[in-house]
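Architecture and fold: a report
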Amino acid sequence: MSLEVRPQMENGFFAEIYGADLTQCDDGQFDEIRQAHLRHGVIVIRDQALSPDQQIAFSQRFGPLSIHVLEEQLLVGYPEILLVTNKKENGRYLGIPDLGRQWHTDQSYQETPALGSLLYALEVPGDGSGDTHFADMTAAYEALPQGERERLDGLQAEHRYDHKHENFELSDNQVDRLPGVLHPLIRTHPETGRKALYLGVQLVKRIVGLSPDDSTETLERLYAHCTQPTFVHRHKWRKGDLVFWDNRCTMHAAQPYDDQRVTRHMHRTTVVGERPF
Ligand code: OGA
Ligand code: MN
């Protein structure tokens, strides 16, 4: 069956895909999905029913999977799956109830950040809360004035896990493994060749080579620019959604939900990427 691809933003950013069954995805259909991911930056494949093994098998077709540094939040028996959930067992959360309320791109604190993340919704809040917002960093870059693009090109930013991670204290061992890393502020997508801003409120500490005030002012101005409504799609989750975002050219931010009253239960797999250039 051929897929129906429905872009959500005028320039094509963020597409909804209907008619796929990822438990039986042949090479032809896989290629269509891969192309859609590159073309639209974020895709949601609707109406899926995936076991952990099936989600892992599909995700691995894009490349090796990474095991998240938060070992205690992984699904038992499936270290490739990070539990993004507010479900509790014996009074304790089974996973991370909210991962990334501020704008970020996944694992930018590593030398080789995530290529993409696949977040699969098993249960979503019945009251319509808990959306995820996605920003198109390619369009945001292309909309900057020429002089600004030239000023930023060649600059690097320092990314650190512990910059503004509000939820989790890392153990000393985890901190040692995550000393922080420099990445270009403007990166070139290795597959499409397009340039995009590579930033994150949650993880970017500073722009290297600028005075602290200049760095803060520049970052704040860029965040305000990238998160304008013209660059942002607000995804409203449905049970069975598999959302696959390209961390190389997008940012995302989780929106609040009422942890006491609704359940939001998701499985995330993460594809290892290349070092940004
Ligand atoms: C993530 C993440 C956002 C959300 O899984 O990396 O940021 O809305 N999730 O749960
Ligand atoms: Mn994230």
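Residues numbered from 1 in each chain as written. Chains lettered and ligands numbered in written order. Predicted model: local features only at pLDDT ≥ 70, side-chain atom pairs only at ≥ 80, totals over all residues. Heavy atoms only, no water.

**Concerning the sheet that holds strand 15 (residues 232-235)**
- Strands sit in the order 15-9-17 across an open sheet of three strands; the sheet is antiparallel. Whereas interior strands pair on both sides, the edge strands pair on one side only; in this sheet they are strand 15 and strand 17 (250-254). Adjacent strand axes in the sheet meet at a mean angle of 20°, parallel and antiparallel pairs treated alike.
- Bridge analysis of strand 9 (residues 132-136) against strand 15 gives four bridges, and the strand direction is antiparallel. Within strand 15, the position partnered with Phe134 by the bridge is His233. (Pairing = 2+ DSSP bridges. Helix = DSSP H or I, 4+ residues; strand = E, 2+ residues; numbered from the N terminus. Axes fitted to C-alpha atoms, helices over the stretch in contact; angles between N-to-C directions.)

**A closer look at the environment of Thr269**
- Tracing the backbone through its elements, the reader meets Thr269 in strand 18 (residues 265-272).
- The exposure class of Thr269 is buried, given its relative accessible area of 0%.
- Sequence-wise, Thr269 and Glu123 are 146 residues apart; in three dimensions their C-alpha atoms are separated by 16 Å.
- One polar contact links Thr269 to Gln55, side chain to side chain, over a distance of 3.1 Å. (Buried < 20%, exposed > 50% of the residue type's maximum accessible area, 1.4 Å probe, protein only. Polar contact = N/O pair within 3.5 Å; in protein donor to acceptor, adjacent residues only side chain to side chain.)

**With respect to the side chain of His183**
- Residue position: His183 is located in strand 11 (residues 181-184).
- A distance of 3.0 Å separates a polar atom in the side chain of His183 from the backbone oxygen of Ser108.
- Setting aside anything within four residues of it in sequence, one finds His183 in contact with Ser108, Gln110, Glu111, Pro113, Leu155, Gln156, Ala157, His159, Tyr198 and Pro276. (Contact = heavy atoms within 4.5 Å.)

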